[in-house]
Amino acid sequence: MSAVIPTRNRPAEVEAAVRSALAQTYERLEVVVVDDASSPALELAPDLASNPRVRTIRLDAAAGPGEARNVGAAAARGELLAFLDDDDEWHAGKIARQVAALGRCGPGVAACETGFDLVQDGRVVMRFLPDPGRDLRRVLVERPCLQPSTVLLRRSAFEALGGFDPSLGRAEDWDLWVRLADSFEAIVLPEVLVERRAAGVLPGDALPWYQEIVRRLEPRIARLPAKERRRVRAAHALVEAALLAQAGRRRAARSRIALAWRLRPFSWRPPAYLLRTIAGERAWEALKRPGRASASLLARAAGRDPVVQRW
């Protein structure tokens with residue numbers, strides 16, 4: 001199998017990612033690092049650069065993560081592909097566990113996903129364990145429930161789907177998973193086998209790609225039952241409202257909140273988001289801290305791990 005790692009201007013992080021790939025207990029593995037026009041050009045540590053299982057491809061002009069992954073996949077030799085983000089790391093048994101799981105399935109099952117820990121400032125802020133009973137097509141119209149670093153994918157399926165859409169600067173993985181779910185099945189290993197880093201994205205940068213992916217999802221959303229259609233559209237409107245509020249565009253945020261409120265008039269979320277636009281981002285973050293602490297205490301009292309999420 002082939003591990004494809006796109007990177008740009010993060011030499012320390014990508015070296016850690018490469019080492020985690022080479023440390024896999026599954027040994028029939030190569031690592032393809034795609035340097036997306038880093039400045040200066042990426043130079044791996046000597047022991048990595050000389051490793052026969054590691055290849056580096058340099059792009060002269062920045063193409064974005066989707067196209068960088070496409071280039072890496074085209075150059076890869078494996079029948080199975082895994083995409084590792086340059087600031088993430090795999091647990092040593094990840095690929096072996098996924099290869100074995102896929103080996104027990106027919107060709108209609110194209111992918112295997114694992115859980116992950118999301119780490120921020122050295123602390124696990126979320127532990128995601130994918131739900132084996134979920135309807136992937138339904139979940140994907142609301143949120144990007146698969147992450148590149150957690151998925152092992154058959155090359156035949158990746159090529160049949162045409163790879164990542166390079167026109168999307170972000171959310172290119174979400175778009176691929178939606179198309180994957182239209183034609184193939186995916187299985188899950190509900191265990192943590194990946195460590196992801198919480199990477200901040202400027203709200204102004206995130207909003208256009210979020211709106212574009214929602215536009216692409218709309219034909220699928222329109223086919224949902226009426227109650228679920230309203231819920232999903234309201235959820236998207238509130239995400240856009242949050243991005244607008246973070247960018248300081250409070251009036252535009254309130255317009256999206258009003259839409260969510262009309263769609264779900266008895267939900268507590270729209271008034272909470274309206275409070276956010278009134279209080280401002282700094283005050284909102286201060287207000288959320290005691291709420292998070294209380295929610296954590298209640299979860300522990302109920303015997304649940306407060307950082308675990310499933311969908």
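Scroll up for the structure.
Our subject in this report is the structure included herewith.

Parameters at a glance
Residues numbered from 1 in each chain as written. Predicted model: local features only at pLDDT ≥ 70, side-chain atom pairs only at ≥ 80, totals over all residues. Heavy atoms only, no water. Helix = DSSP H or I, 4+ residues; strand = E, 2+ residues; numbered from the N terminus. Buried < 20%, exposed > 50% of the residue type's maximum accessible area, 1.4 Å probe, protein only. Contact = heavy atoms within 4.5 Å. Patch = residues over 30% accessible without salt bridge, like charges linked within 9 Å, V, L, I, M, F, W, Y side chains within 5 Å. Areas by Shrake-Rupley, 256 points an atom, 1.4 Å probe, with all protein chains shown as cover. Salt bridge = Lys/Arg side-chain N within 4 Å of Asp/Glu carboxyl O. Lys, Arg positive; Asp, Glu negative; His and termini not counted. Charge placed at Lys NZ, Arg CZ, Asp CG, Glu CD. Arc of directions from axis to C-beta. Polar contact = N/O pair within 3.5 Å; in protein donor to acceptor, adjacent residues only side chain to side chain. 1 Å grid on protein atoms, 1.4 Å probe; cavity = no way out; pocket = protein on both sides within 12 Å on 5 of 7 lines; lining within 4 Å. Points joined across faces, edges and corners; volume = space filled by probe spheres on them. Nonpolar A, V, L, I, M, F, W, Y, C, P; charged D, E, K, R; others polar. Expected span 1.5 Å × (residues − 1).

Brief notes about the side chain of Thr114
Consideration 1: For Thr114, the location among the structural elements is in strand 6 (residues 109-120).
Consideration 2: With a relative accessible area of 0%, Thr114 lands in the buried category.
Consideration 3: If near-sequence neighbours (up to four positions away) are discounted, Thr114 is found in contact with Lys94, Gln98, Pro130, Thr150, Leu189, Glu191, Leu193 and Val194.

So, a positive patch on the surface
Consideration 1: Together, Lys227, Arg230, Arg264 and Arg269 give the surface a local cluster of positive charge.
Consideration 2: Locating Lys227 in the fold gives a position in helix 9 (residues 226-246).

Overview of helix 4 (residues 94-103)
Consideration 1: Where helix 4 is concerned, the buried positions are Lys94, Ile95, Gln98, Val99, Ala101 and Leu102. One side of helix 4 carries all its buried residues, which in axial view fall inside an arc of 165 degrees.
Consideration 2: Check the buried side of helix 4 and you find it contacts strand 4 (80-83), strand 5 (89-90), strand 6, strand 8 (151-154) and strand 9 (185-197).

Considerations on the side chain of Glu30
Consideration 1: Note on placement: Glu30 falls in strand 2 (residues 30-36).
Consideration 2: Reaching out from Glu30, the side chain makes a polar contact with the side chain of Ser2 at a distance of 2.6 Å.
Consideration 3: Of note is the side chain of Glu30, whose polar atom sits 3.0 Å from the side chain of Arg55.
Consideration 4: With residues up to four places along the chain from it excluded, the contact list for Glu30 reads Met1, Ser2, Ala3, Arg53, Arg55, Ala76, Arg77 and Gly78.

Structural notes on unusual backbone geometry
Consideration 1: Look at the link from Ser39 to Pro40: it is a cis peptide, with omega at 0 degrees.
Consideration 2: Looking at the element boundaries, Pro40 is found in the loop between strand 2 and helix 2 (46-49).

Let's talk about the pattern of salt bridges
Consideration 1: By the definition in use, this model includes 28 salt bridges.
Consideration 2: Put simply, Arg197 and Glu89 hold a salt bridge, and the shortest N to O gap is 3.2 Å. Residue Arg197 is located in strand 9, and its partner Glu89 is located in strand 5; the two are separated by 108 residues in the primary sequence.
Consideration 3: Measuring nitrogen to oxygen at the nearest pair gives 2.2 Å for the salt bridge that ties Asp182 to Arg220. A residue pair is termed long-range when its members are at least 10 positions apart, and Asp182 in helix 7 (residues 172-183) and Arg220 in helix 8 (residues 203-222) qualify at 38 residues.
Consideration 4: Taking the relative accessible area as the measure of exposure, Asp182 reaches 42% and is therefore partly exposed.
Consideration 5: Linked through salt bridges whose partners overlap, the residues forming this network are Asp165, Asp175, Arg179, Glu212, Arg215 and Arg216.

Some words on the environment of Glu67
Consideration 1: Structurally, Glu67 is set in helix 3 (residues 65-75).
Consideration 2: Judged by relative accessible area, which is 26%, Glu67 ranks as partly exposed.
Consideration 3: When the C-alpha positions of Glu67 and Asp135 are compared, they lie 28 Å apart, and in sequence the two are 68 residues distant.

Comments concerning the layout of surface pockets
Consideration 1: Put simply, the second largest pocket is a space of about 170 Å³.
Consideration 2: Considering the residues around the second largest pocket, the lining is formed by Leu136, Arg137, Arg138, Leu140, Val141, Val178, Ala181, Asp182, Arg220, Arg223 and Leu224.
Consideration 3: Taken together, the elements giving at least two residues each to the lining of the second largest pocket come down to helix 5 (136-140) and helix 7.
Consideration 4: For the lining of the second largest pocket, the element with the most residues is helix 5, which contributes four residues.
Consideration 5: Taken together, the residues of the lining of the second largest pocket break down into six nonpolar, no polar and five charged.

Regarding helix 9
Consideration 1: A rise of 1.5 Å per residue sets the reference length of helix 9, with its 21 residues, at 30 Å; its end C-alpha atoms lie 30 Å apart and thus fit the reference within 8%.
Consideration 2: Among the residues of helix 9, Glu228, Val232, Ala234, His236, Ala237, Leu238, Glu240, Ala241, Ala242, Leu243, Leu244 and Ala245 are the ones counted as buried.
Consideration 3: Looking at the residues trailing helix 9, positive phi occurs at Gly248, about 85 degrees.

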